[in-house]
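Coordinates in review
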Amino acid sequence: MAKSIVYFASARAKFFDYDYGFLGKFEEILNRVNLKNYITKGDYVPIKMHLGSQGAYRVVRPAFIRKLVDSLKNAGGDPFVTDTVRIPGLEYLRVASANGINELSTGAPVIMADGVFGSDSVMMPSGPILGEIGIASAIHDAPAMIVLSHCKGHIASGYGGAVKNLGMGGIAFKDRNGVHQRGRMHFLQNAELNWTSEKCSHCLQCVGACPHESISFDQDEMLVIDQQKCARCGRCARVCTEGALVLPLNIELFQKVLAEAAATVLNTFNKGKVLYINFVTEVQPECDCMPMADAPLIPDIGVLVSDDIVAIEKATLDLINQAQVIRDSKAGEKELTSAEHLFLKIHGKDPYLQVQAMADFGLGSEDYEIVEVLCKPKADGSTAPRSFGH
């Protein structure tokens, strides 16, 4: 069986020439993959990405999104940028615009795939763990899709790339009856947060960290969670320094649940209608949904593009494992001297488990070949860099 092709362009720019720069090389990759192979003229094409958070700004930069949008339009598609409700829908759209992601900058509308209330969803049969799960309707109904991922760490899955982008981000906030969908994955079939009053110092960090204002304390200083507002994102447990709030999470099971949900999203598309783009830049330890952005763990690597989700995720992790760590980062804080198994060392979760699970679903191959793009050829086909003299 032939190896899956993964196109790669380094973030390095060794010449004073657009065509040798990161943006020019990305443009050339889009030319080489020929987007007409993935979309039909007139297709509405969601560009599924993370839009960031207030304080979390290390998302894919608008210049690259614009280049992708223009390429999709040239191929006959009608693209829109999208994610699902994580914080309240309208607030999320305002955060996206503050991060530079709006129609003016990208050339495409920015919408919530599950609606501004997070309940526009279609229930789909899933696997043995989830049974069924609600897919955001604007993703479920789309004929083709671009999965545009900023690769970084993640507290629950260890690593967030294309699988996490789909397995969490393609799932609606709730169904039409108000039943949590994405939160089911975090909380393993609707388990509840564990709160130990004896450990709680009432520092109120959990209250401040909750993006849905679902946490409070009553007059007896007992924790109260509004289950209708709670998104089951686990951010409150993440910031609890006393260990009073604990999110019930089985690490290996969560990786399988993540892959199962991602596979369910992909099953709504015909084969050959989804393309994956992984930006391995500003690889911070936390997800882009957190209320801050930490220093990157490693130097920028570049961008990878493939129509094989297993191949691109494994190639991404392999490249990260070969990188140098940045000393003034969480990696340096943990006294790491190598990026090998970086996210396992940072978060205690092995992201290769989600890659293997996707392979087990038959959604791709771990056997890949990297094709590096060094520059965008000139109009006459030449590749010699421009010389500007001194």
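Not measured: the values here are computed from a predicted model.

1. Details of the overall build of the protein
- In terms of helices and strands, the protein carries 14 helices and 16 strands.
- Taken over C-alpha atoms, the radius of gyration comes to 21 Å for the protein, in line with the 21 Å a tight globule of 390 residues would show.
- The C-alpha extent of the protein, read off along each of the three principal axes, is 75 × 45 × 45 Å.
- Put simply, the protein shows about 16,800 Å² of open surface, and 50% of that area lies on carbon and sulfur atoms.
- Each charge class in the protein was averaged separately, 38 positive and 45 negative side chains, and the resulting centres sit 5 Å apart.

2. So, helix α10 (residues 251-266)
- Between its terminal C-alpha atoms α10 stretches 23 Å, which fits the 22 Å expected from 16 residues at 1.5 Å a residue.
- Summarising burial for α10: twelve of the 16 residues are buried, a large majority.
- Taken residue by residue, α10 has Phe-254, Gln-255, Val-257, Leu-258, Ala-259, Glu-260, Ala-261, Ala-262, Ala-263, Thr-264, Val-265 and Leu-266 as its buried positions.

3. Focus: the environment of Gly-160
- Considering the arrangement of structural elements, one finds Gly-160 in strand β9 (residues 158-160).
- Taking C-alpha positions, Gly-160 is 20 Å from Lys-334, a pair spaced 174 residues apart along the chain.
- Discounting chain neighbours no more than four positions away, the residues touching Gly-160 are His-150, Cys-151, Lys-152, Gly-153 and His-154.

4. Quick word on the packing of aromatic side chains
- Within this structure, the stated rule accounts for eight aromatic pairs.
- Ring geometry for Trp-195 versus Phe-217: centroids 6.2 Å apart, planes at 65°, classification edge-to-face. With Trp-195 in strand β10 (residues 194-195) and Phe-217 in strand β11 (residues 215-217), this pair connects stretches of sequence that are 22 residues apart.
- Among the aromatic residues, those joined into a cluster by ring pairs are Phe-22, Phe-26, Phe-64 and Phe-279.

5. A closer look at the side chain of Ser-137
- Relative to the elements of secondary structure, Ser-137 occurs in helix α5 (residues 137-140).
- On the basis of relative accessibility, which here comes to 17%, the residue Ser-137 falls in the buried class.

6. A look at the packing of helix α1 (residues 22-33) against helix α2 (residues 62-74)
- Relative orientation of the contacting elements α1 and α2 amounts to 25°, with a least axis distance of 10 Å. Classified by the angle between their axes, α1 and α2 sit roughly parallel to one another. Crossing of α1 over α2 shows right-handed handedness. Contacts from Phe-22, Leu-23, Phe-26, Glu-27 and Leu-30 in α1 reach Ala-63, Phe-64, Lys-67, Leu-68 and Ser-71 in α2.
- A breakdown of the residues in the contact of α1 with α2 according to their chemical character gives seven nonpolar, one polar and two charged.

7. Some words on the nonpolar core
- Grouped together as the largest cluster of nonpolar side chains are 60 residues, with contacts concentrated most on Met-145, Leu-166, Met-185, Tyr-276, Ile-298, Ile-309 and Leu-342.
- Ignoring sequence-local partners within four residues, the contact set of Tyr-276 consists of Val-147, Ala-162, Leu-166, Leu-266, Leu-304, Val-305, Ser-306, Asp-307, Asp-308, Ile-309 and Ile-312.
- Core analysis: the next-biggest nonpolar cluster, separate from the first, contains 42 residues, Ile-47, Val-59, Val-69 and Ile-277 among them.

8. Thoughts on the pattern of salt bridges
- The final tally for this structure, using the stated rule, is 18 salt bridges.
- For Asp-17, the salt bridge goes to Lys-378, with nearest N and O atoms at 3.1 Å. In this pair, Asp-17 sits in the loop between β1 (4-10) and α1 while Lys-378 sits in the segment after β16 (368-372), placing the two residues 361 residues apart along the sequence.
- By relative accessible area, which is 6% here, Asp-17 ends up buried.
- Ionic pairing is found between Lys-273 and Asp-43, a salt bridge with its closest N-O pair at 3.5 Å. Here Asp-43 lies in the loop between α1 and β2 (44-48) and Lys-273 lies in the loop between α10 and β14 (274-280), a separation of 230 residues in the sequence.

9. A word on the sheet that holds strand β7 (residues 145-150)
- Read across the open sheet, the eight strands follow the order β4-β3-β2-β7-β14-β15-β1-β16; overall the sheet is mixed. The sheet is open, and its two edges are formed by β4 (110-112) and β16, each paired on a single side. Each adjacent strand pair in this sheet contributes to an overall mean axis angle of 25°, direction not counted.
- With three bridges connecting them, strand β3 (residues 78-83) and β4 associate as parallel partners. Looking across to β4, one finds that Asp-83 is bridged to Met-112.
- On top of the sheet, α1 reaches β1, β14, β15 (302-306) and β16; it is set at about 160° to β1, its chief contact.

What counts and how
- Residues numbered from 1 in each chain as written.
- Predicted model: local features only at pLDDT ≥ 70, side-chain atom pairs only at ≥ 80, totals over all residues.
- Heavy atoms only, no water.
- Helix = DSSP H or I, 4+ residues; strand = E, 2+ residues; numbered from the N terminus.
- Rg over C-alpha atoms; globule rule 2.2 N^0.38 Å.
- Areas by Shrake-Rupley, 256 points an atom, 1.4 Å probe, with all protein chains shown as cover.
- Lys, Arg positive; Asp, Glu negative; His and termini not counted.
- Charge placed at Lys NZ, Arg CZ, Asp CG, Glu CD.
- Expected span 1.5 Å × (residues − 1).
- Buried < 20%, exposed > 50% of the residue type's maximum accessible area, 1.4 Å probe, protein only.
- Contact = heavy atoms within 4.5 Å.
- Phe/Tyr/Trp six-rings, centres within 6.5 Å; stacked < 30°, edge-to-face > 60°.
- Axes fitted to C-alpha atoms, helices over the stretch in contact; angles between N-to-C directions.
- Parallel < 35°, antiparallel > 145°, perpendicular 65-115°, else oblique.
- Left-handed = near helix turned anticlockwise from the far one by under 90°.
- Nonpolar A, V, L, I, M, F, W, Y, C, P; charged D, E, K, R; others polar.
- Core = buried A, V, L, I, M, F, W, Y, C linked by side-chain atoms within 4.5 Å.
- Salt bridge = Lys/Arg side-chain N within 4 Å of Asp/Glu carboxyl O.
- Pairing = 2+ DSSP bridges.

None of the figures reported here should be taken as evidence of function without further support.
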